[in-house]
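# Structural features, examined
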Amino acid sequence: MSSPFMFEKPLGMKDTLPLLYDRNEEVTSQIAEEVRLWGYQTLHTPALEYYDTVGAASAIHDAKLFKLMDRQGRTLVLRPDMTAPIARVVSSSLKDEPLPLRLAYNTALYRTQEHEGKPAEFEQYGVELIGDQTVSADGEIMALLISAFEKTGLRHFRLAFGHIGFMNALFTEVVGSGDHVHALKQFLFEKNYVGFKRYVRKLPISALDKNRLEQLLSLRGGPDMLETAKELVSSPDALRALQEVQEVWNVLESYGVSSYMNIDLNVVLHIDYYTGVVFESYGKELGFPLASGGRYDELVPKFGRQASATGFGIRMDRLLEALNHIDCPLNQERTLILFSKERQKEAVEEAKQLRESGKRVVIQHVAGIEDLDAYTSTFTNVIQRIGGSAS
Ligand SMILES: N[C@@H](Cc1c[nH]c[nH+]1)C(=O)O
């Protein structure tokens, strides 16, 4: 029975074919090894969560959630984020584990898309450092991200970090809270600086305050820039945030990774549970972040455990794209042992030995192949065990 929709997939759903799958496995295991060496412990949580708890805590726009109903009529969501499920686990199954906890995950996330092109299901490799409010934790998370990227062979990338507490304090000083703050943050999230300036010009505030908001856009660079930032604010919250940025920078220097870093006090992420340092990472010539993360001190308490936290998530699909840009070759070697029936045992033995030495080996009965030339051309090495016995 054929239908015109037989080959179609729901919007944003993609197949991963063997070549990309293998590459993903390879890169994932490089990251996993680094994360393991830093003492993080991996966990897995279910794909489905309750909409009212984890769905809401994920702080991802409602329209982006895939919703389902269970048999009892409760609304479920396909997890759009792993940070909220981890906050749930840390406050329940792991509630007696002493803090800080260092956790890691590698899992598929689901966010609906409006248009074809962007994936609605994608893999994220992430870590969460729960229960450590120090700037050392913020620094560790970014240093680990850099180290993990280096392990994959990625070279041309930058990490920009800001502080959402600074931005909130500046906006509160200038426009209070509410719709204007929301609109200003949205422009910054979209990196629509022209739109931001236009919006600022129309605000019912003094010319001096308009200037303060416009100045925000230039708050990028090394720690020297923090002096300019200090002149724009007066509230203790804002000044404390800037002090923290300086201290995190010092931590990053002690890890020897500040050459990858920029301070950018304009960083706004798509999720609004962040409370402190926030960061995102860009590859060369790619217009989307490869990873993002930051401090979210108010999320775990929503599940009942008093714990500050920070973490990051790497978009594996984007990282693979970035790695393709610099053409990191994947070892795609596969050996084919072609055999005829009377030499099957010999082929099996030989394959076993080669596999023990780490080779990828296919053994294939010659009678099972339709087009011998086409098939053998997909292997890097072909061994024939056909006809009269070798020994
Ligand atoms: N969960 C965030 C990434 C993150 C992990 N920890 C903190 N932030 C995201 O999906 O973008």
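The following refers to the structure shown. Here the structure is a predicted model, which is why all the values come from computation and not from measurement.

Our next topic: the nonpolar core. For soluble globular proteins, nonpolar side chains are generally found buried alongside one another. Phe-161, Phe-166, Phe-171, Phe-196, Leu-213, Leu-265 and Ile-314 are the most contacted members of the largest nonpolar core, which has 103 residues in total. By residue number, the principal contributor to this core is helix H4 (residues 135–152), which donates 10 residues. Every residue in contact with Leu-213, bar those within four places of it in the chain, is listed here: Phe-171, Val-174, Val-175, Leu-184, Phe-196, Val-200, Leu-203 and Ile-205. By size, the runner-up hydrophobic cluster in this structure holds 6 residues, among which are Ala-347, Ala-351, Val-361 and Ile-383.

Here we come to the pairing of strand E4 (residues 75–78). Sheet faces and side chains relate simply in a regular strand, where the side chains alternate between the two faces. By the bridge criterion, 3 bridges tie strand E2 (residues 48–50) to E4 in an arrangement that is antiparallel. Residue pairing for E4: Glu-49 is matched across the bridge by Val-77. Alignment of strand E3 (residues 67–69) against E4, held across 3 bridges, turns out to be antiparallel. Paired with Leu-68 across the bridge in E4 is Leu-76.

Around the ligand sit 17 residues, and of these Asp-81, Thr-83, Gln-124, Glu-128 and Tyr-274 come closest. Arg-111 has a polar side-chain atom sitting 2.9 Å from an oxygen atom of the ligand. Contacts to the ligand include Phe-312, whose backbone N or O atom sits 3.4 Å from a nitrogen atom. Listed by contribution, the elements that provide at least two residues to the shell around the ligand are strand E6 (121–130), strand E11 (289–295) and strand E12 (309–315). The class makeup of the residues in the shell around the ligand is 6 nonpolar, 8 polar and 3 charged.

Calculation rules
Along each chain, residues carry numbers from 1 onward, in the same order as the chain's sequence is written. The predicted nature of this model means local features are confined to residues of pLDDT at least 70 and side-chain atom pairs, given and counted, to a pLDDT of 80 or more, with totals for whole chains, interfaces and linings taken over all residues. Computation of side-chain values covers all heavy atoms of the structure but excludes hydrogens and water. Working definition of a nonpolar core: buried Ala, Val, Leu, Ile, Met, Phe, Trp, Tyr and Cys residues. They are joined through side-chain atoms within 4.5 Å. In this scheme, a residue with accessible area under 20% of its type's maximum is buried, one over 50% is exposed, and one in between is partly exposed, where area comes from a 1.4 Å probe on protein chains only. Helix and strand definitions here come from DSSP, where helices need a minimum of 4 consecutive H or I residues and strands a minimum of 2 consecutive E residues; each element is numbered from the N-terminal end. Contact criterion: two residues are considered in contact whenever any of their non-hydrogen atoms come within 4.5 Å of each other. A pair of strands counts as paired when DSSP detects no fewer than two bridges linking them. To be near a molecule or strand, a residue needs just one of its heavy atoms within 4 Å of it. Think of a polar contact as two N or O atoms within 3.5 Å of one another; within protein, one of them needs to be a possible hydrogen donor and the other a possible acceptor, and neighboring residues in sequence only count if both atoms come from side chains. Residue type decides the class: Asp, Glu, Lys and Arg count as charged, Ala, Val, Leu, Ile, Met, Phe, Trp, Tyr, Cys and Pro as nonpolar, and the leftover types, Gly among them, as polar.

Structural measurements only, silent on function.
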